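# Structural overview for review
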Amino acid sequence: MASVQLDQVRKVYDNGQVAVQGASFEVADGELMVLVGPSGCGKSTLLRMIAGLEDISGGTLKIGERVVNDVAPKDRDIAMVFQSYALYPHMTVAENLAFGLKLRKHDKATIDARIKAAAETLGLTAMLDKLPKAMSGGQRQRVALGRALVREPAVFLLDEPLSNLDAKLRNSVRTEIARLHRQLGTTMIYVTHDQVEAMTLGQRIVVLKDGQIQQIDTPKVLYDRPANLFVAGFLGSPAMNFLRGQLEGSVEHATLVQADGQRALLGALPAALSDWLGREVVIGVRPEDLQPATTGEAAFQADVEGVEFVGNEAFLHLRFGPHLLVSRVAPQASPEVGDRLSMALPAGRLHVFDPATELSIATR
């Protein structure tokens with residue numbers, strides 16, 4: 001096992017496109033770190049640089065105590081799991097697992113022992129004689145994980161390994177990966193565009209946008225204290241609601257006034273926001289925190305434009321002036337389309353952002 005350290009790592013292609021801009025972070029020995037962001041944000045490029053599949057344009061990359069900028073992929077002591085499984089179709093599961101070990105000249109006893117251990121860990125023992133075409137997508141992905149596992153690398157790299165699976169299989173293989181990490185304690189770097197995968201798997205998460213790191217922290221801190229509008233809107237399903245307007249009144253009795261003149265009562269806000277009175281802000285509120293008001297709590301009136309039932313909860317799609325908002329409620333409490341509701345904004349659960357810089361001013 002080993003740590004991975006990036007110090008101002010950059011990737012600039014020959015056409016001048018900057019794919020990664022000065023990435024600096026450390027993945028601790030034994031940590032599961034997730035790189036997440038929308039398509040084209042640079043997360044897979046960053047992973048490929050760690051693997052040695054992309055040249056590094058600038059900065060320093062260390063695996064353990066060794067600088068590996070110019071070290072060949074085969075000499076970095078890493079194993080990579082791809083989205084496409086990349087199994088040899090004419091080889092059995094056992095042969096796929098053994099292939100890399102044979103290339104590295106391991107003896108038969110070592111190969112057999114590692115295959116047996118990996119198969120038991122991943123529930124593949126009864127499938128060792130099968131060809132990939134006779135297996136489900138989830139089983140093939142487990143074989144791909146096993147092929148990395150038998151290598152006993154210092155670092156596992158996983159590049160969107162669940163993208164080709166349906167929702168049910170994604171959940172089961174995701175659980176398998178989390179269990180595998182707990183069992184092995186190996187350093188893992190996992191790339192995904194799916195924020196649910198990121199939040200459920202990562203001990204820490206690196207959020208990227210346009211090749212730049214937006215924030216690095218635990219899933220709870222990222223969700224509760226997003227550093228900027230992008231992180232706030234990207235993490236969470238349904239996404240955070242945003243209201244833009246001018247902050248008026250006092251921090252004890254604040255009101256948000258929108259461009260169309262509609263007002264939302266905010267209640268008491270942190271004292272640090274006193275300097276923002278009379279200025280434009282963006283207020284963020286999570287769907288679970290935006291609730292129909294009880295007597296005396298009303299912040300604003302909103303029209304119900306849609307109701308989505310998803311089993312144990314319902315999502316209300318609301319119209320408030322120019323804003324479309326989502327409220328997460330219990331299904332038995334859901335109203336009808338066309339109803340007008342009084343909605344509450346809980347002051348202790350609001351996030352406030354600077355509309356110019358998009359950075360957080362105050363949160364929770």
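As shown above, the structure is provided for reference.
Reference entry: report on the structure contained in this document. Small disclaimer: the values here were computed from a predicted structure and weren't measured. (Residues numbered from 1 in each chain as written. Predicted model: local features only at pLDDT ≥ 70, side-chain atom pairs only at ≥ 80, totals over all residues. Heavy atoms only, no water.)

The helix and strand inventory of the protein chain stands at eight helices and 21 strands. With respect to the three principal axes, the spread of C-alpha positions in the protein chain is 75 × 45 × 35 Å. Expressed as a percentage of the 364 residues in the protein chain, the buried residues total 50%. For the protein chain, the proportion of contacts with a sequence separation of at least 24, taken over those separated by at least 6, is 65%. Surface exposure of the protein chain reaches about 16,500 Å², of which carbon and sulfur atoms provide 50%. (Helix = DSSP H or I, 4+ residues; strand = E, 2+ residues; numbered from the N terminus. Buried < 20%, exposed > 50% of the residue type's maximum accessible area, 1.4 Å probe, protein only. Contact = heavy atoms within 4.5 Å. Areas by Shrake-Rupley, 256 points an atom, 1.4 Å probe, with all protein chains shown as cover.)

All right, on to the pairing of strand β13 (residues 263–267) then. Side chains Ala264 and Leu266 project from β13 onto a buried face, and the interleaved Arg263, Leu265 and Gly267 project onto a face without burial. Hairpin connection from strand β12 (residues 254–257) to β13: five residues lie between these consecutive antiparallel strands, with Gly261 at a positive phi of about 90°. (Pairing = 2+ DSSP bridges.)

For the rest of this paragraph, the subject is the pattern of salt bridges. A full pass over the atoms with the stated rule returns 16 salt bridges. The shortest N-O distance in the salt bridge between Lys11 and Glu54 comes to 3.5 Å. You can see Lys11 sitting in strand β1 (residues 4–12) and its partner Glu54 sitting in the loop between α1 (43–51) and β4 (58–63), a full 43 residues away along the chain. Here Arg204 makes a salt bridge to Glu31, at a shortest N to O gap of 2.6 Å. Of this pair, Arg204 sits in strand β9 (residues 204–209) while Glu31 sits in the loop between β2 (18–27) and β3 (32–36), and the two are 173 residues apart along the sequence. Among the charged side chains, a salt-bridge network with shared partners connects Lys11, Arg48 and Glu54. (Salt bridge = Lys/Arg side-chain N within 4 Å of Asp/Glu carboxyl O.)

Moving on: the nonpolar core. Counting residues in each nonpolar core, the largest one holds 45 residues, and the members touching the most others are Val34, Leu158, Ile177, Tyr190 and Val207. Phe25, Cys41, Ala154 and Val206 belong to the second-largest nonpolar core, a separate cluster that totals 31 residues. (Core = buried A, V, L, I, M, F, W, Y, C linked by side-chain atoms within 4.5 Å.)

Let us look at the environment of Leu277. Residue placement: Leu277 occurs in the loop between β13 and β14 (280–285). Between the C-alpha atom of Leu277 and that of Phe242, which follows or precedes it by 35 residues, the distance is 18 Å.

This part is about the sheet that holds strand β7 (residues 155–159). Across the sheet, six strands lie side by side as β6-β7-β8-β3-β9-β10; this open sheet has mixed pairing. Edge strands, defined here as strands with exactly one partner in the open sheet, are β6 (78–81) and β10 (212–217). Between one strand and the next, the sheet's axes are offset by a mean angle of 15°, whatever the strand orientation. Relative to β9, β3 runs parallel, the two being bridged by four bridges. Its bridge partner lying in β9, Val34 is registered against Ile205. Across the sheet, helix α5 (residues 167–184) lies against β3, β7 and β8 (187–192), angled at about 165° from β8, the strand it touches most. (Axes fitted to C-alpha atoms, helices over the stretch in contact; angles between N-to-C directions.)

This part is about the packing of helix α2 (residues 93–103) against helix α4 (residues 137–149). α4 packs onto α2 with a crossing angle of 30° between their chain directions and a minimal axis gap of 8 Å. Here α2 is positioned roughly parallel relative to α4, judged by the angle of their axes. For the crossing formed where α2 meets α4, the hand is right-handed. Taken together, the residues of α4 that come into contact with α2 (itself represented by Val93, Asn96 and Leu97) are Val143, Gly146 and Arg147. Here the contact of α2 with α4 is composed, by residue class, of three nonpolar, two polar and one charged. (Parallel < 35°, antiparallel > 145°, perpendicular 65-115°, else oblique. Left-handed = near helix turned anticlockwise from the far one by under 90°. Nonpolar A, V, L, I, M, F, W, Y, C, P; charged D, E, K, R; others polar.)

What follows deals with unusual backbone geometry. Note the cis peptide between Ser237 and Pro238, where omega equals 0°. Assignment of secondary structure puts Pro238 in the loop between α8 (229–234) and β11 (241–249). The residue Gln8 is not glycine, and still its phi comes out positive at about 55°. As for its position among the elements, Gln8 is in strand β1. One non-glycine residue with positive phi stands out, namely Lys105, at about 65°. Summarising the element assignment, Lys105 is placed in the loop between α2 and α3 (108–122).

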